[in-house]
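Listed below are the residues making up each chain.
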Amino acid sequence: MAKRPTTVAFVSSEVEPERWLPPLERALPQMRFQAWPDVADPTSIDVALVAAPPAGVLGRFPNLRFIQSLWMGVDGLLADPTLPRAVPLARLIDPGMVAAMSETVLARVLDWHRHLYRYRVQQASWEWKPLKQFMAADRTVGILGLGALGADAAAKLVTLGFRVCGWSRREKTIPGIEAFFGHDGLEAMLKRSEALVCLLPLTVQTRGLLDARRLALLPQGGCLINLARGAHVVERDLLAVLDAGHLAHAYLDVFQSEPLPGDHAFWTHPQVSLTPHIAALTEPRTALAKVVANLERFARGERPEALVDTTAGY
Ligand code: NAP
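The rules we used
- Residues numbered from 1 in each chain as written.
- Predicted model: local features only at pLDDT ≥ 70, side-chain atom pairs only at ≥ 80, totals over all residues.
- Heavy atoms only, no water.
- Near = heavy atom within 4 Å.
- Polar contact = N/O pair within 3.5 Å; in protein donor to acceptor, adjacent residues only side chain to side chain.
- Areas by Shrake-Rupley, 256 points an atom, 1.4 Å probe, with all protein chains shown as cover.
- Phe/Tyr/Trp six-rings, centres within 6.5 Å; stacked < 30°, edge-to-face > 60°.
- Helix = DSSP H or I, 4+ residues; strand = E, 2+ residues; numbered from the N terminus.
- Buried < 20%, exposed > 50% of the residue type's maximum accessible area, 1.4 Å probe, protein only.
- Lys NZ or Arg CZ within 6 Å of the ring centre and 35° of its normal.
- Core = buried A, V, L, I, M, F, W, Y, C linked by side-chain atoms within 4.5 Å.
- Contact = heavy atoms within 4.5 Å.
- Pairing = 2+ DSSP bridges.
- Right-handed = clockwise from strand over helix to strand, strands pointing away.
- Axes fitted to C-alpha atoms, helices over the stretch in contact; angles between N-to-C directions.

## So, the site of the ligand
- In the vicinity of the ligand there are 29 residues, among which Arg 91, Arg 170, Lys 172, Leu 227 and Tyr 314 approach most closely.
- Note that an oxygen atom of the ligand is positioned 2.9 Å from one of the backbone N or O atoms of Ala 148.
- At 2.5 Å from an oxygen atom of the ligand is found a side-chain nitrogen or oxygen belonging to Tyr 314.
- A total of 940 Å² of accessible area belongs to the ligand in isolation, and the protein chains cover 94% of it.

Now the structure itself:
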């Protein structure tokens, strides 16, 4: 009897299936693709390809054997109580997105290091006042999270000559980077991080991590660059350390509530530069090959890449 083709459901409330399904159908003609809610027979679905799937939909596929996310962060998926937890879940490690995130990190670190945020303020009041120049080697950049995104950004900062330290859950050795881990490691790293970049996944352990006590450990005049999730930062505590002049600037891409409410203090705060959660977007030109390779691995009965450890939460 001929083998039944692998059947994949595309389930998303935010991403158009037209962006993904035609190239996937061309790359994997031996598989069948259907876009939720146009799934004729939910019992035929082997794989779900997801980006912010509506709550409860994945539980409707009784024979689901693999979930492939189209995003790098999976905190939203794991927060859904109806997610079928026994089904292996892979996240997407997209080289285009990793490159975009490192560009965003470099742009923010250089904006702070070269005082560009201060020159913009000076320009607004016709003020011509050169500020003291620092070399990259004078500055220490700390990176919270040394995963796919943090490790790439760290390596590129090292290339520019910055002193770089990083923090992870498990002990790591990365050439050129002073690596810290665990609870004690965090405090030691914060004390020396003049620019602090957050690239952690949002988990039970990392939610609310950057509170008043930890932000106060950062050196005077430093900056916070949060590109991970808004809930890593206690926003009122950040406003307090900015207002007190302890931190010079905050670069924020992610917020507790998105879109950022119109009356939020961040919109008009002179020490805040904000962007609308665009630090790095999935880049279909590089992501497609990764998704195709993982679907092929699944179809061959091999272990897919980038499986999420649901106990650790990332
Ligand atoms: P990843 O590869 O899973 O790496 C996560 C890193 O964080 C690892 O180094 C991990 O330590 C560390 N970590 C996790 N929990 C920790 C804890 N409790 N204490 C200390 N370190 C901990 O993740 P990634 O691909 O780099 O992505 C990170 C996050 O970026 C995503 O989860 C997503 O939320 C966010 N993101 C944002 C955007 C945007 O546009 N703003 C775009 C993409 C992603 P170990 O190395 O020991 O495991």
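## Some words on the packing of aromatic side chains
- Taken as a whole, this structure holds three aromatic pairs when the rule is applied.
- Aromatic side chains Phe 66 and Phe 298 sit 5.5 Å apart centroid to centroid with 20 degrees between the ring planes, which places their arrangement in the stacked category. Residue Phe 66 is found in strand E4 (residues 66-69), and its partner Phe 298 is found in helix H9 (residues 284-299); the two are separated by 232 residues along the sequence.
- Given a relative accessible area of 1%, Phe 66 falls into the buried group.
- Ring geometry for Phe 255 against Phe 266: centres 6.1 Å apart, planes inclined by 55 degrees, an arrangement best described as tilted. Here Phe 266 lies in the loop between strand E11 (247-252) and strand E12 (272-274) and Phe 255 lies in the loop between E11 and E12, a separation of eleven residues in the sequence.
- For Phe 266, a relative accessible area of 1% gives the class buried.
- Arg 139 extends its terminal NZ or CZ atom over the ring of Trp 112, reaching a point 4.1 Å from the ring centre.

## As for the nonpolar core
- Among the nonpolar cores identified, the biggest contains 30 residues, and Ile 143, Leu 157, Val 197 and Leu 199 are the most heavily contacted of them.
- For this core, the secondary structure elements donating two or more residues are helix H3 (95-113), strand E6 (140-144), helix H5 (148-159), strand E9 (195-198), strand E10 (222-226) and E11.
- When neighbours within four sequence positions are excluded, Leu 157 is seen to be in contact with Val 105, Leu 106, Val 109, Val 141, Ile 143, Phe 162 and Val 164.
- With 28 residues, the next largest nonpolar core counts Trp 167, Cys 198, Leu 200 and Leu 224 among its residues.

## Observations regarding the pairing of E6
- The element E6 is largely enclosed, with a buried count of five among its five residues.
- Burial of the side chains of E6 extends over both faces: Thr 140, Gly 142 and Leu 144 are buried on one face and Val 141 and Ile 143 on the other.
- Bridge analysis of E6 against strand E7 (residues 163-168) gives five bridges, and the strand direction is parallel. When the bridges of E7 are listed, Ile 143 appears paired with Gly 166.
- Read from E6 through H5 to E7, the crossover connection turns out right-handed.

## Examining the sheet that holds E9
- An order of E8-E7-E6-E9-E10-E11-E12 is seen for the seven strands of this open sheet, with the pairing classed as parallel. Because the sheet does not close on itself, it has two edges, and the strands there are strand E8 (178-181) and E12. Within the sheet, the average angular offset between the axes of one strand and its neighbour, ignoring direction, is 15 degrees.
- Sheet analysis places E6 next to E9, joined by four bridges and oriented parallel. When the bridges of E9 are listed, Val 141 appears paired with Ala 195.

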